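Summary of the model geometry
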Amino acid sequence: SSRFAEVAQRPASAMEINLFELVSDTAPTEADLPEAIRTMRDQMAARAAFRELVIPVRLGGDQRWWALTGKPRFGSDGRFIGYRGVGADVTVVHRSRERLSYLARHDTLTGLANRAEFNDALATALALCGQQRVALICLDLDEFKAINDTYGHDVGDTVLRTVGQRMRGALRPQDIAARLGGDEFAIILDVADRQQAILVVQRIVNSLDAPFICGDLTIRVGVSVGVALAPDDGNDPDQLYRNADVALYRAKSSGRGAYWMFDVTMDCQVHDQRLLQRDLRDALPNGELFVVYQPIIDLSTRRIISLEALARWRHPRRGIVPPAEFIPIAEQSGQIAAIGGFVLAEAASLAARLPPHLRVAVNLSASQLRDDGLMLYVRDVLDRFSVRSQRIEFEITESVMLDNDSRALETLQALRTQGHRLTIDDFGTGYSSLSVLRSFAFDQLKIDRSFITDLDSDNSPIVRAVIDLARALGISVVAEGVETEQHASILQRYRCASAQGYYFSLPLTPAEALQVIGAVPDHGAANRVTLPATVLCDAGRQPMMTRVEVVQLSETPFRIM
Ligand code: C2E
Ligand code: CA
Ligand code: CA
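Keep in mind that what you see is a predicted model, and the values were worked out from it rather than measured.

With that settled, the discussion passes to the coordination of the calcium ion (ligand 3). Taken together, the protein donors to the calcium ion (ligand 3) comprise Asp 425 (OD), Asp 426 (OD), Glu 480 (OE) and Glu 480 (OE), at separations of 2.2 to 2.5 Å. Written as a sequence motif, the donor residues of the calcium ion (ligand 3) are D-D-x53-E. In this structure, the calcium ion (ligand 3) lies 4.2 Å from the calcium ion (ligand 2), and both are coordinated by Asp 425.

Glancing now at the coordination of the calcium ion (ligand 2). Within the protein, Glu 308 (OE), Asn 363 (OD1), Glu 395 (OE) and Asp 425 (OD) serve as the donor atoms for the calcium ion (ligand 2), at 2.1 to 2.3 Å. The sequence pattern describing where the donors of the calcium ion (ligand 2) fall on their chain is E-x54-N-x31-E-x29-D. Given a relative accessible area of 5%, Glu 308 falls into the buried group.

Let's shift gears to the site of ligand 1. Gln 294, Ser 365, Arg 449, Glu 483 and Tyr 502 are the nearest of the 24 residues found near ligand 1. The side chain of Glu 308 places a nitrogen or oxygen atom 3.1 Å from an oxygen atom of ligand 1. Note that an oxygen atom of ligand 1 is positioned 3.0 Å from one of the side-chain N or O atoms of Asp 425. About the coverage of ligand 1: the protein hides 88% of its 790 Å² of free accessible area. Secondary structure elements with two or more residues in the shell around ligand 1: β12 (303-315), α11 (323-333), β14 (359-364) and β16 (422-427). With 4 residues, the top contributor of residues to the shell around ligand 1 is β12. Considering only residue class, the shell around ligand 1 consists of 10 nonpolar, 6 polar and 8 charged.

What follows is about the sheet that holds strand β5 (residues 176-181). Read from one edge of the open sheet, 5 strands run β5-β6-β4-β9-β10, paired in mixed fashion. In this open sheet, the two edge strands, each paired with only one partner strand, are β5 and β10 (259-261). Across the sheet, the axes of successive neighbouring strands diverge by a mean angle of 20 degrees, strand direction being ignored. When strand β9 (residues 222-230) meets β10, the two strands line up parallel, connected through 3 bridges. Residue pairing for β10: Val 227 is matched across the bridge by Met 261. Helix-sheet contacts for helix α5 (residues 115-128) involve β4 (133-142), β5, β6 (184-191) and β9, and the interaxial angle to β6 is about 20 degrees. Helix α8 (residues 194-209) rests against β4, β6, β9 and β10 of the sheet, and its axis sits at about 165 degrees to β9.

Residue position: Thr 423 is located in strand β16. You can call Thr 423 buried: its relative accessible area is 1%. In contact with Thr 423, not counting residues within four places along its chain, are Glu 393, Phe 394, Glu 395, Ile 396, Phe 442, Gln 444, Leu 445 and Lys 446.

Core analysis: the largest hydrophobic core is formed by 78 residues, its most contacted members being Leu 369, Ile 392, Phe 394, Ile 396, Leu 445, Val 482 and Leu 491. For Val 482, the residues in contact, after removing those within four places along its chain, are Ile 452, His 487, Ala 488, Leu 491, Ala 499, Gln 500, Gly 501, Tyr 502, Tyr 503 and Phe 504. One finds Ile 147, Ala 197, Ile 198 and Cys 214 within the second-largest nonpolar core, a separate group that totals 35 residues.

Further remarks concern unusual backbone geometry. With an omega of 0 degrees, the peptide bond between Ala 230 and Pro 231 qualifies as cis. Among the structural elements, Pro 231 can be located in the loop between β9 and α9 (237-253). Not every positive phi belongs to a glycine, and Glu 52 is a case in point at roughly 50 degrees. Even without being a glycine, Ser 386 presents a positive backbone phi close to 50 degrees. Tracing the sequence through the fold places Ser 386 in the loop between α14 (374-385) and β15 (392-397).

Take a positive patch on the surface next. A grouping of Arg 51, Lys 71, Arg 73 and Arg 84 is seen on the molecular surface, where their side chains present a positively charged patch. Tracing the backbone shows Arg 84 in strand β3 (residues 80-89). Accessibility expressed as a relative area gives 58% for Arg 84, which makes it exposed.

Below, the discussion takes up the packing of α14 against helix α16 (residues 406-417). Two numbers describe how α14 lies on α16: the axes approach to 10 Å, and their chain directions differ by 25 degrees. Classified by the angle between their axes, α14 and α16 sit roughly parallel to one another. The two elements α14 and α16 cross, and the hand of that crossing is right-handed. Residues Leu 374, Met 375 and Val 378 of α14 form the contact with α16, whose own contacting residues are Thr 411, Ala 414 and Leu 415. Classifying every residue of the contact of α14 with α16 gives 5 nonpolar, 1 polar and no charged.

Right, let's talk about helix α7 (residues 153-169) for a bit. Counted at 1.5 Å a residue, the expected span for α7 with its 17 residues is 24 Å, and the 24 Å between its end C-alpha atoms agrees. Burial in α7 covers these residues: Val 155, Gly 156, Val 159, Leu 160, Val 163, Gly 164 and Met 167.

Moving on, we come to the packing of α5 against α9. The interhelical angle for the contact between α5 and α9, taken along N-to-C directions, is 110 degrees, at an axis separation of 10 Å. Between α5 and α9, the interaxial angle falls into the category roughly perpendicular. Crossing geometry of α5 relative to α9 is assigned as right-handed. In this structure, α5 contributes Arg 115, Phe 118, Leu 122, Ala 123 and Leu 126 to the contact, and α9 contributes Pro 237, Leu 240 and Tyr 241. Of the residues belonging to the contact of α5 with α9, the class tally is 7 nonpolar, no polar and 1 charged.

Across the 13 residues that make up β12, a large majority, 10, are buried. Alignment of strand β11 (residues 289-298) against β12, held across 10 bridges, turns out to be antiparallel. Directly across from Ile 297, in β12, lies its bridge partner Ile 304. As paired strands, β12 and β14 are joined by 4 bridges and run parallel to one another. Counted as the bridge partner of Glu 308 is Ala 361 from β14. Strand direction decides the pairing type here: β12 and strand β13 (residues 319-321), joined by 3 bridges, are antiparallel. In the strand pairing of β13, Trp 313 is matched with Val 321. Once β12 ends, the chain turns through 3 residues before running back antiparallel as β13.

About the criteria used
Residues numbered from 1 in each chain as written. Chains lettered and ligands numbered in written order. Predicted model: local features only at pLDDT ≥ 70, side-chain atom pairs only at ≥ 80, totals over all residues. Heavy atoms only, no water. Donors = N, O, S within 2.8 Å, 3.2 Å for Na, K, Ca; no water. Buried < 20%, exposed > 50% of the residue type's maximum accessible area, 1.4 Å probe, protein only. Near = heavy atom within 4 Å. Polar contact = N/O pair within 3.5 Å; in protein donor to acceptor, adjacent residues only side chain to side chain. Areas by Shrake-Rupley, 256 points an atom, 1.4 Å probe, with all protein chains shown as cover. Helix = DSSP H or I, 4+ residues; strand = E, 2+ residues; numbered from the N terminus. Nonpolar A, V, L, I, M, F, W, Y, C, P; charged D, E, K, R; others polar. Pairing = 2+ DSSP bridges. Axes fitted to C-alpha atoms, helices over the stretch in contact; angles between N-to-C directions. Contact = heavy atoms within 4.5 Å. Core = buried A, V, L, I, M, F, W, Y, C linked by side-chain atoms within 4.5 Å. Patch = residues over 30% accessible without salt bridge, like charges linked within 9 Å, V, L, I, M, F, W, Y side chains within 5 Å. Salt bridge = Lys/Arg side-chain N within 4 Å of Asp/Glu carboxyl O. Lys, Arg positive; Asp, Glu negative; His and termini not counted. Charge placed at Lys NZ, Arg CZ, Asp CG, Glu CD. Parallel < 35°, antiparallel > 145°, perpendicular 65-115°, else oblique. Left-handed = near helix turned anticlockwise from the far one by under 90°. Expected span 1.5 Å × (residues − 1).

Okay, structure coming up:
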């Protein structure tokens, strides 16, 4: 038709050609032929119909897209006459669809592949690798958060974009580079061996070494790299990715700016830590964290004066993970502010339900003390539960004070001014415990458990000296890790004011704590807190089961049903 001639940009006289020739004249070889054109040709050769084939056509230097539908026509004698059909120029629709699918598969900031595209590309590379090896390189910028925080997100974005460009520049066209999110990048390479992968990694690290110029700022960015090789280190995408990630984690923790190849002997602990760190991100939103409270007892009256809030994590597959395992991870990964905030809010909500003479003690990490938002948060939580600041005390481990961090000291001072009691925790474990006492006026010191464990005779000069020293300085003393009546009575003789430990009570759930507080202890030989039967089988305390035996052996055992 004349309309078709017009669209095809040819005189009507030049339209007497085969449809296939019309659309394929720019493809010199079979391999150059687009899939849809091949389909059309094959259908036509078989005298079969085709529908809505979207075919690329070059018209005078312009790339257009046609949707073609055709049906073979046969004469009354059954002879093939030709095709009859309709076509539409669908260039605009096609382009926007292409753009959409591009956007769905690329990171808009850097133009690199995104996670979806990366996952597909990795699966394809592994399926096709054959004799070749596939290297998976995971990269993570060091201290990128600081760049964002210090210079703002525009500068952060510029840095990420430049990192993407430099990375691309260090790669061959067929290599795939992706930004997986934040400051995480990944690369997929076909390589012959480990050595070749290392060369590429070195090239990338070198390319990122030059400073980044953003306006009049000059910024340096370090990068940590982990590499895993298929099929040696795994041949399914998940496993390979996990192993590259383990190597990356290793790189990060061995001082940043390093690269590590995964190897099978690599500490499985690293692996485990990494997995825990990932799971910890969901722990709070999934409600897996909870808080238990261990009573602190006045040694002369043997009554509870305070309860220490201790965080617990009920992991969906591992069961209870003790804080000694996940708190350090939370500190490293910046999640401690959220977790510490949760513990504080829980503690305040319990304090609100306890009689007013009881305090609740909350542990604070170094990074929480360096957090500008802490004071505001503390005030807000106390307001929310209408709890006076005097009822929330804070415990800070001795090691925090050794950094001599002025920010931390300011926060301590502010908490103090606000009316909170402050305890120096794990006293005696640092190298300069005495100078710590000089650097800040704490209300209380908590003698570390390790000293109490050894407290088996009546001559324990260190514990005695610490208690005497504290008295001279007007600081109250609490002993932690009291596991036997002998410990308790020795401490009492040394005039230690208070104590905490399995001998008196395991950490309790809030319900148990409230119950125990309600039950006034009797004044006989065992005027200790008696615990409900559920205490020992509660999952929150399982890691301490071995210690429970000690309690049972003590002269007046807990009531265990
Ligand atoms: P910590 O502050 O020294 O807490 C005392 C730890 O000793 C607790 O372990 C407690 O359950 C345990 N314990 C109590 N009595 C005895 C005893 O008689 N014998 C022995 N052997 N152990 C006893 P837990 O709950 O596993 O906590 C470990 C550490 O985790 C805590 O040590 C604290 O440093 C940290 N932590 C716990 N919760 C938090 C939190 O919410 N924030 C921060 N920053 N750290 C926390
Ligand atoms: Ca503590
Ligand atoms: Ca302690």
